[in-house]
Amino acid sequence: MPFPHALPPPLAHSSAADWAAFAACALERLRAQAPLVQSITNRVAAQFTANILLALGAAPAMVDTPGEAGLFARMASALSINLGTPVPAQADAVLEAAHAAQAASKPWVLDPVAIGALPLRTALAAQLLALRPPIIRGNASEILALAGYSGGGRGVDATDSVAQARQAAIALAEQTQGVVAVSGPVDFLTDGRNQLHLANGTPLLTRITGGGCALGAVMAAFAALAPLYAPHAAAQTQTQPPSPLLALTAAAVLVYTIAAEQAAAHAPGPGSFAVQLIDQLAWIDAASVRERARIEVQR
Amino acid sequence: MPFPHALPPPLAHSSAADWAAFAACALERLRAQAPLVQSITNRVAAQFTANILLALGAAPAMVDTPGEAGLFARMASALSINLGTPVPAQADAVLEAAHAAQAASKPWVLDPVAIGALPLRTALAAQLLALRPPIIRGNASEILALAGYSGGGRGVDATDSVAQARQAAIALAEQTQGVVAVSGPVDFLTDGRNQLHLANGTPLLTRITGGGCALGAVMAAFAALAPLYAPHAAAQTQTQPPSPLLALTAAAVLVYTIAAEQAAAHAPGPGSFAVQLIDQLAWIDAASVRERARIEVQR
Amino acid sequence: MPFPHALPPPLAHSSAADWAAFAACALERLRAQAPLVQSITNRVAAQFTANILLALGAAPAMVDTPGEAGLFARMASALSINLGTPVPAQADAVLEAAHAAQAASKPWVLDPVAIGALPLRTALAAQLLALRPPIIRGNASEILALAGYSGGGRGVDATDSVAQARQAAIALAEQTQGVVAVSGPVDFLTDGRNQLHLANGTPLLTRITGGGCALGAVMAAFAALAPLYAPHAAAQTQTQPPSPLLALTAAAVLVYTIAAEQAAAHAPGPGSFAVQLIDQLAWIDAASVRERARIEVQR
């Protein structure tokens, strides 16, 4: 294996430190691989998302034209779909890309922004859910709405707590056989069997536009590493080991939110914070991830 | 009332200091209310506009898909419409949202970017004008073109002075029974009966893209507070008091342009200025607004 | 002529210092003219591109709606077309604008982002190539694909070297009778007869989104000055003098990449670099261009 300190994904009995060590290692692997990440996202967050991916070491490609999006999904290493401004042509591109990613077994992320009250994106999210997205990311209100538990939040803001969305997230993960991540002051991640609480971050992430949207694309960048771990997973003798995707999704959250903490320490306001977050993602190293990760593993 | 120092809108005999004090108070109310502001804007200014609204303390939602835009306008506290890049789907969303806002008596802002020479947006602006937008914001050339006085400017740049647009602005305000704001080195605001000249600002606002577009959304955020003042207005015994919307629009201009002055003091160039403006909007306090406001009231 | 130190374009025997002096002079002319530059670009780079043009001293207008784009191309001084996210409506606008620019003899730039593997934009680029764009800008893989030599790169990234694209660039320039610029660690420019290597820049330009896209718009801003030089070109007695457009394109590259070097010196990371690049483009002066230009002229 090309990485001297490559680590297998955590197992069911792994400690919080094991999860953090895996995240730190995955960051180094991501930078070595520079995965090509297709991002279909809203127009508000597109520039910020591309800059976040570049800073992290991934190669972004915002290909969202029908007739190109599906072709590109077969070339890319991973796909991120964000429903923030689903104009008709982009909605077609989303379905095309998701089908192509699914057919080519490429990892992909669904971020069902502001579903619930808004009918077009809610219907589109339901179509995508039927394809069983490997990773779903949203705030509590979006996860509740996607699972059919409630009607959604106030625009892009959650009106429900992460704790309220816990059962909905687990149910969604069981339904998709994938990973579900609920963003909030403490993020909740589950693959339906294992639960993680990740407590890094800063309120400034909610004071800039695209702070959550970019995280979805970062999850896709880490998920692009999944093929590296598939053999390990198969070799495990546990009956229900945590999904490698759960560990990679956790790595994305940890790297992003720890960089955000470092950015907040240097930022006098939200404008500076957005600039600093990009800088910090270019700098963050494995040691910072290991030392600063705040993880609680539940079994 | 929940605000110990809540102030009623200025009256016809109010002093410049009264208008400034109202603006300072409105800023605090806006932060307490965190109004949900729907912004349908051009793709160039969308990210900046959302970050400006977030920094100010409002909750932006850039919902501009036909089939969703009208529904959302009924949920939002105010709506901002900017015609900067009116692609066909967005033009449909604009009409849908404006009709819904009008039907639900929600305040909304029209920013007729670069109308005059460009036929599609000029026709769209005429349709919106017929709905009598509560607030219209533009540069001198755009206001002249909307009022039918001239053919518009050079792209997004004004080729006419604010003074040249004065009569057109008053005529528009009489036609709509709303507020019209003409941006320039000194901004001119009118409700058709009262005239304000607001002299804060910095030339750097014209050296960044979206500097004017974001102000339209900030006006919508302040206009969202209008329901707080309606009872006051009805109780007034004056026959033609200034519209509460005029005072709220002036508050938007003052807060934005004073924050811009503070940003310019910290910015070595236009790139830094855009970042600083977002920071300063997160920090600006009532005292700065009261002390720095440069207002001339005409009766 | 209004410029005391106006310089004619370099001739075939001109030195590197002559090319640099021309670029420095062109920068001052650009700021005096403030050309109106229509930019039809992808949604990821639109805000950054507009801010770059404003900082440089040009007047950007991102008019890309079918029914408006062609009309505006006749009003603007130059046009920049970037195929980064060619949704259907924008593709129509691109053709409309290119035809109008061609008919009105306005200079225009084609940036065929990520063509080759993606069929819609590849077909669109071929239609535009048939109109003989006065300036073509791309990375090595894009230039090879446009010339029909290969299938393109990996998304927006080049997988070929600038040297590999040299013959393709010269062939394209002969075909269009225009200028072709290949971006890379050392940029290669040709008008089919004269070759320039420009070595300024910083790797940080590849770590921010829109770094190359904005350069295409900067080339259009400099190309807008071409009418100033046409009489000179006609008066020249050389049989094959370098095209004035070659000198203006070189000026664009030099100003942009020297500003980027200055930005990199002040930027701790890619987020700060994007902000600094805008600041530096507002500050860069003729002396810096003359002193820092790294040019190799080949005949």
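Residues numbered from 1 in each chain as written. Chains lettered and ligands numbered in written order. Predicted model: local features only at pLDDT ≥ 70, side-chain atom pairs only at ≥ 80, totals over all residues. Heavy atoms only, no water.

In this complex, chain C contributes 27 residues to the contact, which on the side of chain A involves 29 residues. Surface buried jointly by chain C and chain A totals about 2200 Å² across both partners, of which 61% is contributed by carbon and sulfur atoms. Of all residues in chain C, Arg43, Arg154 and Arg207 of chain C bury the most surface against chain A, accounting for 23% of the area lost on that side. At the surface where chain C touches chain A, the tally comes to two salt bridges. Between Arg43 of chain C and Asp64 of chain A there is a salt bridge whose closest N-O contact spans 2.4 Å. Of all the secondary structure elements, the ones that give two or more residues to the side of chain C that touches chain A are α2 (46-56), α5 (119-130) and α11 (270-283) of chain C. Residues that form the side of chain C that touches chain A fall into these classes: 14 nonpolar, eight polar and five charged. (Contact = heavy atoms within 4.5 Å. Buried area = accessible area lost by both parts, 1.4 Å probe. Salt bridge = Lys/Arg side-chain N within 4 Å of Asp/Glu carboxyl O. Helix = DSSP H or I, 4+ residues; strand = E, 2+ residues; numbered from the N terminus. Nonpolar A, V, L, I, M, F, W, Y, C, P; charged D, E, K, R; others polar.)

Turning one copy of the chain about an axis and sliding it along that axis gives the other copy, so a rotation and a shift relate them. Screw-axis analysis of chain C against chain A gives a translation of 0.0 Å along the axis, an RMSD of 0.0 Å, and a rotation angle of 120 degrees. Classification of the inter-copy transformation places it as that of a three-fold axis. Closest approach to the rotation axis among the C-alpha atoms of chain C is made by Arg43 of chain C, whose C-alpha sits 3.7 Å away. The residues that chain C uses at the interface reappear at the interface of chain A in only 11% of cases, marking distinct surfaces. (Least-squares fit on C-alpha atoms with pLDDT ≥ 70 in both.)

Turning to the interface of chain C and chain B, a few remarks are in order. Taken together, the contact pairs 28 residues of chain C with 27 residues of chain B. When residues of chain C are sorted by the area they lose upon contact with chain B, Gln47, Leu54 and Glu68 of chain C head the list and together hold 25% of the total. Across the chain C-chain B interface, the total number found is two salt bridges. Connecting chain C to chain B are nine residue pairs in polar contact (both at pLDDT 80 or more). When residues of the side of chain C that touches chain B are traced back to their parent elements, those giving at least two are α2, β2 (59-61), α3 (69-75) and α11 of chain C. With six residues, α2 of chain C is the largest single contributor of residues to the side of chain C that touches chain B. (Polar contact = N/O pair within 3.5 Å; in protein donor to acceptor, adjacent residues only side chain to side chain.)

So, on to the sheet that holds β2 of chain C. Residues and elements named next belong to chain C. Reading across the sheet, the nine strands line up as β2-β1-β3-β4-β5-β6-β7-β8-β9 and stay open at both edges, with mixed pairing between neighbours. Looking at the sheet topology across the chains shown, the edges are occupied by β2 and β9 (295-298). Looking at each pair of strands side by side, their axes are set apart by 20 degrees on average, direction ignored. Of the strand pairs in this sheet, strand β7 (residues 187-190) and strand β8 (residues 195-198) are connected by four bridges, and their pairing is antiparallel. Across the sheet, Asp187 pairs through a bridge with Leu198, a residue of β8. Packed on one face of the sheet, helix α1 (residues 16-33) meets β8 and β9 and runs near 120 degrees to β9. (Pairing = 2+ DSSP bridges. Axes fitted to C-alpha atoms, helices over the stretch in contact; angles between N-to-C directions.)

This paragraph deals with the relation of the copies chain C and chain B. Of the transformation superimposing chain C on chain B, the axial component is 0.0 Å and the angular component is 120 degrees, with the fit at an RMSD of 0.0 Å. In this assembly, only 11% of the residues forming the interface of chain C have copies in chain B that are likewise at the interface, indicating a heterologous arrangement.

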